[in-house]
Amino acid sequence: MEWMKPIASTEIPAGDEWLYEVKYDGFRCKLVWSVTNKITLISKNNHDITKNFPEVIQWCENNYKYFKNKLPLELDGELVILNHRYQANFAQIQNRGRLQNSDRIKKSANLRPATFMVFDLTELKGKKLHQSNLSLRKKYLYQLMQELTENEMIRCVESFTSISNVNEIVYAAKAEGIVAKKKKSTYQKGKQHNDWFKIKNWRLIHGILTAYNPSNGYFTVSVLKNNQPIHIGKCKHGLAKDTSQTVQRLFQDQGDFLDGIYYLPPAITSTIHTLDLYDHELREPEFKQITADIPYTECTLEKLQLDLAQLPHSIEVSNTDKYLWPNNYTKKDLLIYIREISTWMLPFLRQKALTIIRCPDGITEESFFQKNLPDYAPDYLSSTSSQENYIVCNHLKSIVWLANHGSIEYHIPFQRIGHVTPVEIAFDLDPPDREHFNLAVHAANLLKQILDELELVSFVKTSGNKGLQVYIPIREGSMTYDETFLFTEAIAKTLERSYPNDFTTERMKKNRNNRLYIDYVQHGKDKTLIAPYSPRMTKEGTVSTPLYWNEVVEDLDPTFFTIGNVVNRVHEIGCPFANYHDMHEQQDMKKMLRLVRG
DNA sequence: GAGAAAA
DNA sequence: TTTTCTCAACGCTGG
DNA sequence: CCAGCG
């Protein structure tokens, strides 16, 4: 098996002769598909990893009809487990690769299916394409894949011609990097070419050198956690030879020698570039330079977390140590949460006039609503399609700017700017208190049954406080607010009638008598609801969290989901609202409209 | 969190 | 110079 | 007309 490998580079080659791809963080892999319909996945070390990815093989067999005239065939790409379109989860694929037991593999494939991101075609109908140029190979590849829709298990890696476009995506998605490829290049073995370059998306961090091991040349890199140095990685390369020797000598002359390793108390600091911190260990660390001007006391775990977060350069953050949730989460935690969740949250804020709640001094201090953009705000937060002074949050830097200004809650209307009709219908299921959360679980499941019967695809999330909210995405312009009101009223009253002791549509609190309030009035023009993934002003730092319907069961605890664990949740089990946006167009609303319009 | 107004 | 103020919104209901 | 509600 021949592999063309990209050459590491720090600069992105520019010019018309280049194209650019997002570099996905997974297993480099070839998919070999024989005329006898035998499908094999081969890794870079020429290991057969087919048995670890049965879902990919199954997909191929299911789609045999698209490929049968093209065999035998050889696809080159990256086998990944996607967090989202541009971000692969390396930890997950590595985990999968280690599994041996076929039942566990099956379970994992079901829960977190892999995706084969194809970037090259080296054989088609048995004809080797190594000598064809990249543009032609890509053309054949796109022809081969054109019958398939976008969210398939085998997908084409997108090609970009603009460096700034690909840069922006790589930065926002915290992708592994960029691969630049020369359009005219042939497919060559190894690295003896100047046609493919990889430019990694390095994070620059600050660490303390606390130990040196002369037997292998590695320095131990630490940061301060509660004023104590903790190990974050080992690093060897990157320094100039004389600098490296000076530091080595320093350890050997002044360090404490124990079991073959020299130790020094915190003092020497260095900038280091790395891909990430994974399993308490820096990935691919390399020294940039020893920093005499940075005191070791600045090299803290908190600083490391901010450096790894890759906040937009243009935003200067402030007071990152301030506790916004007392004894719980600081502004640093909020900034990192918002930055990491942004790829899942931003699509719900897109082109909507926001109402935000700000708590610049924390949730226990003064808070205030804001829906007009202050004069001093950067103009990327304002609406280009409206004269009104709305706050619009379409980009990563917009939401990070808002977070730095103490924005905690993001409330959104149901229509987009410039439109008078909703893009979704919502039910707010509001129990009297957290002890009655089970009422919301019951109501949501009943609602789901009704909506299923109407053939409507619905989504459910926690409010982040004590209730649940159920959404039906609809096509923009397909219904007026008058019509959605009729619909939500009819459904809410039906639920109320069937369980009058549990549910009520009574607006006055004193008449509710510990029943769950089905708030269908809250759905309307100029009304808002908390956005998916928005943090809440609760002492736990809870988040309005999208759920899978099978999670809506008796022992569900909405206080479990916080800004401390929701990012990890979407990395591990994906986003339950992942196909929400497709459903605006795909929703079949015939039965509902018949109900409303008679 | 930051600009404007009031003290 | 220091302190304080402001930062949304609107229809509906019951008293 | 105002306070409460969301």
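Residues numbered from 1 in each chain as written. Chains lettered and ligands numbered in written order. Predicted model: local features only at pLDDT ≥ 70, side-chain atom pairs only at ≥ 80, totals over all residues. Heavy atoms only, no water.

1. Focus on the pattern of salt bridges
Part 1 of the reasoning: Inspection of every chain in the model, using the stated rule, returns 28 salt bridges.
Part 2 of the reasoning: A salt bridge links Lys591 to Glu455; the shortest N-O distance between them is 3.4 Å. Of this pair, Lys591 sits in helix H15 (residues 590-597) while Glu455 is found in the loop between helix H11 (437-453) and strand S28 (459-462), placing the two residues 136 residues apart along the sequence.
Part 3 of the reasoning: Lys591 sits in the partly exposed class, given a relative accessible area of 33%.
Part 4 of the reasoning: Here Asp526 ties to Lys525 by a salt bridge, and the two come within 3.8 Å at their closest N and O atoms.
Part 5 of the reasoning: Judged by its relative accessible area of 61%, Asp526 is exposed.
Part 6 of the reasoning: If you follow the salt bridges from partner to partner, you end up with Lys23, Glu176, Lys200 and Glu284 in one network. (Salt bridge = Lys/Arg side-chain N within 4 Å of Asp/Glu carboxyl O. Helix = DSSP H or I, 4+ residues; strand = E, 2+ residues; numbered from the N terminus. Buried < 20%, exposed > 50% of the residue type's maximum accessible area, 1.4 Å probe, protein only.)

2. Here's the deal with helix H8 (residues 301-309)
Part 1 of the reasoning: Among the residues of H8, those classed as buried are Leu301, Leu304, Leu306, Asp307, Leu308 and Ala309.
Part 2 of the reasoning: Among the structural elements, strand S13 (203-213), strand S14 (218-225), strand S15 (228-235), strand S18 (269-274), strand S19 (276-278) and helix H9 (331-349) are those in contact with the buried residues of H8. (Contact = heavy atoms within 4.5 Å.)

3. Considering the nonpolar core
Part 1 of the reasoning: Leu349, Tyr410, Phe487 and Tyr533 are the most contacted members of the largest nonpolar core, which totals 90 residues.
Part 2 of the reasoning: At eleven residues, H9 tops the list of elements feeding residues into this core.
Part 3 of the reasoning: Other than its neighbours up to four places away in sequence, Phe487 contacts Ile425, Phe427, Leu451, Leu454, Leu456, Ile472, Met592, Leu595 and Val596.
Part 4 of the reasoning: Counting residues in each nonpolar core, the second largest holds 31 residues, with Leu41, Ile93, Val118 and Leu141 among its members. (Core = buried A, V, L, I, M, F, W, Y, C linked by side-chain atoms within 4.5 Å.)

4. Re the protein's contact with DNA strand B
Part 1 of the reasoning: Taken together, Ser318, Asn319, Lys322, Lys331, Arg358, Pro360, Phe368, Tyr376, Asn404 and His405 make up all the residues around DNA strand B.
Part 2 of the reasoning: The sugar-phosphate portion of DNA strand B accounts for 54% of its atoms within 4 Å of the protein, the bases making up the rest.
Part 3 of the reasoning: At 3.1 Å from a base nitrogen of DNA strand B is found a side-chain nitrogen or oxygen belonging to Arg358.
Part 4 of the reasoning: Within the backbone of Asn404, one N or O atom sits 3.4 Å away from a phosphate oxygen of DNA strand B.
Part 5 of the reasoning: When grouped by side-chain class, the residues that make up the surface near DNA strand B number three nonpolar, four polar and three charged. (Near = heavy atom within 4 Å. Polar contact = N/O pair within 3.5 Å; in protein donor to acceptor, adjacent residues only side chain to side chain. Nonpolar A, V, L, I, M, F, W, Y, C, P; charged D, E, K, R; others polar.)

5. Things to note about the protein's contact with DNA strand C
Part 1 of the reasoning: Taken together, Glu366, Phe368, Phe369, Lys371, Asn372, Arg507, Met508 and Lys510 make up the full set of residues near DNA strand C.
Part 2 of the reasoning: In DNA strand C, atoms within 4 Å of the protein come 43% from sugar and phosphate.
Part 3 of the reasoning: Between DNA strand C and Asn372, the relevant distance is 3.1 Å, taken from a phosphate oxygen to a main-chain nitrogen or oxygen of the residue.
Part 4 of the reasoning: Between DNA strand C and Lys510 there is a distance of 3.1 Å, counted from a phosphate oxygen to a side-chain nitrogen or oxygen.

6. As for the UniProt feature "domain: ATP-dependent DNA ligase family profile" (unreviewed entry) in chain A
Part 1 of the reasoning: As annotated in UniProt, the feature "domain: ATP-dependent DNA ligase family profile" (unreviewed entry) corresponds to residues 116-200 in the numbering used here.
Part 2 of the reasoning: In this annotation, residues 116-200 is assigned 27% helix and 29% strand; the end-to-end C-alpha distance for the span is 21 Å. (UniProt positions renumbered as here; feature names shortened; annotations may be inferred.)

7. What about unusual backbone geometry?
Part 1 of the reasoning: Cis geometry marks the peptide bond from Leu71 to Pro72; its omega dihedral reads -5°.
Part 2 of the reasoning: Inspection of the secondary structure puts Pro72 in the loop between helix H2 (64-67) and strand S5 (73-80).
Part 3 of the reasoning: You will see that Asn37, though not glycine, has its phi angle at about 65°, which is positive.
Part 4 of the reasoning: The residue Asn37 is located in the loop between strand S3 (27-33) and strand S4 (39-43) in this model.
Part 5 of the reasoning: Of note in the backbone geometry, Asn514 takes a positive phi value of approximately 60° without being a glycine.
Part 6 of the reasoning: Mapped onto the elements of the fold, Asn514 is located in the loop between strand S30 (503-504) and strand S31 (516-519).

8. Notes on the sheet that holds strand S1 (residues 7-8)
Part 1 of the reasoning: Pairing within the open sheet is mixed, and its four strands lie in the order S1-S12-S11-S2. The open sheet has two free edges, formed respectively by S1 and strand S2 (18-23), since each of these has just one partner strand.
Part 2 of the reasoning: Judged from the six bridges that link them, S2 and strand S11 (residues 177-182) form a sheet pairing that is antiparallel. Paired with Leu19 across the strands is Lys181, a residue of S11.
Part 3 of the reasoning: Against the sheet, helix H6 (residues 163-173) makes contact with S2 and S11, and its axis sits at roughly 5° relative to S2, the strand it touches most. (Pairing = 2+ DSSP bridges. Axes fitted to C-alpha atoms, helices over the stretch in contact; angles between N-to-C directions.)

9. Some points on the packing of aromatic side chains
Part 1 of the reasoning: Under the definition given, this model contains 23 aromatic pairs.
Part 2 of the reasoning: Note on Trp18 and Phe197: the rings are 5.8 Å apart at their centroids and 55° apart in plane angle, and the pair reads as tilted. In this pair, Trp18 sits in strand S2 while Phe197 sits in strand S12 (residues 196-200), placing the two residues 179 residues apart along the sequence.
Part 3 of the reasoning: On the basis of relative accessibility, which here comes to 6%, the residue Trp18 falls in the buried class.
Part 4 of the reasoning: Given a relative accessible area of 14%, Phe197 falls into the buried group.
Part 5 of the reasoning: Between Trp325 and Tyr329, the ring centres sit 6.3 Å apart and the planes meet at 85°, which makes this aromatic pair edge-to-face.
Part 6 of the reasoning: Here a set of aromatic residues connected by ring pairs shows up, and it is made of Phe348, Phe459, Tyr471, Phe577 and Tyr580.
Part 7 of the reasoning: The ring centre of Trp196 lies 3.9 Å from the NZ or CZ of Lys181, which sits over that ring.
Part 8 of the reasoning: The ring of Phe90 carries Arg283 above its face, with NZ or CZ at 4.2 Å from the centroid. (Phe/Tyr/Trp six-rings, centres within 6.5 Å; stacked < 30°, edge-to-face > 60°. Lys NZ or Arg CZ within 6 Å of the ring centre and 35° of its normal.)

10. Some details on the sheet that holds strand S25 (residues 368-370)
Part 1 of the reasoning: The four strands lie next to each other as S25-S24-S26-S32, forming an open sheet whose pairing is antiparallel. Whereas interior strands pair on both sides, the edge strands pair on one side only; in this sheet they are S25 and strand S32 (529-530).
Part 2 of the reasoning: Sheet analysis places strand S26 (residues 407-412) next to S32, joined by two bridges and oriented antiparallel. What sits directly across from His411, in S32, is Ile530.

11. Here we look at the pairing of S18
Part 1 of the reasoning: Most of S18 is tucked away: six of the six residues are buried.
Part 2 of the reasoning: Burial along S18 is two-sided: the face carrying Thr269, Thr271 and His273 and the face carrying Ser270, Ile272 and Thr274 are both buried.
Part 3 of the reasoning: Here six bridges tie S13 to S18, and the two strands are oriented antiparallel to one another. Following the sheet pairing, Ile208 is matched in S18 by Thr269.
Part 4 of the reasoning: Both S18 and strand S21 (residues 286-290) contribute to a ladder of four bridges, which runs antiparallel. By the bridge assignment, His273 is partnered in S21 with Glu286.

12. Some remarks on the packing of H8 against H9
Part 1 of the reasoning: H9 packs onto H8 with a crossing angle of 20° between their chain directions and a minimal axis gap of 10 Å. In this view, H8 runs roughly parallel relative to H9, as classed from their interaxial angle. Every pair of crossing elements has a handedness; the one defined by H8 and H9 is left-handed. Along its contact with H8, which presents Glu302, Gln305, Leu306 and Ala309, the element H9 presents Lys332, Ile336, Arg339 and Glu340.
Part 2 of the reasoning: Broken down by class, the residue content of the contact of H8 with H9 amounts to three nonpolar, one polar and four charged. (Parallel < 35°, antiparallel > 145°, perpendicular 65-115°, else oblique. Left-handed = near helix turned anticlockwise from the far one by under 90°.)

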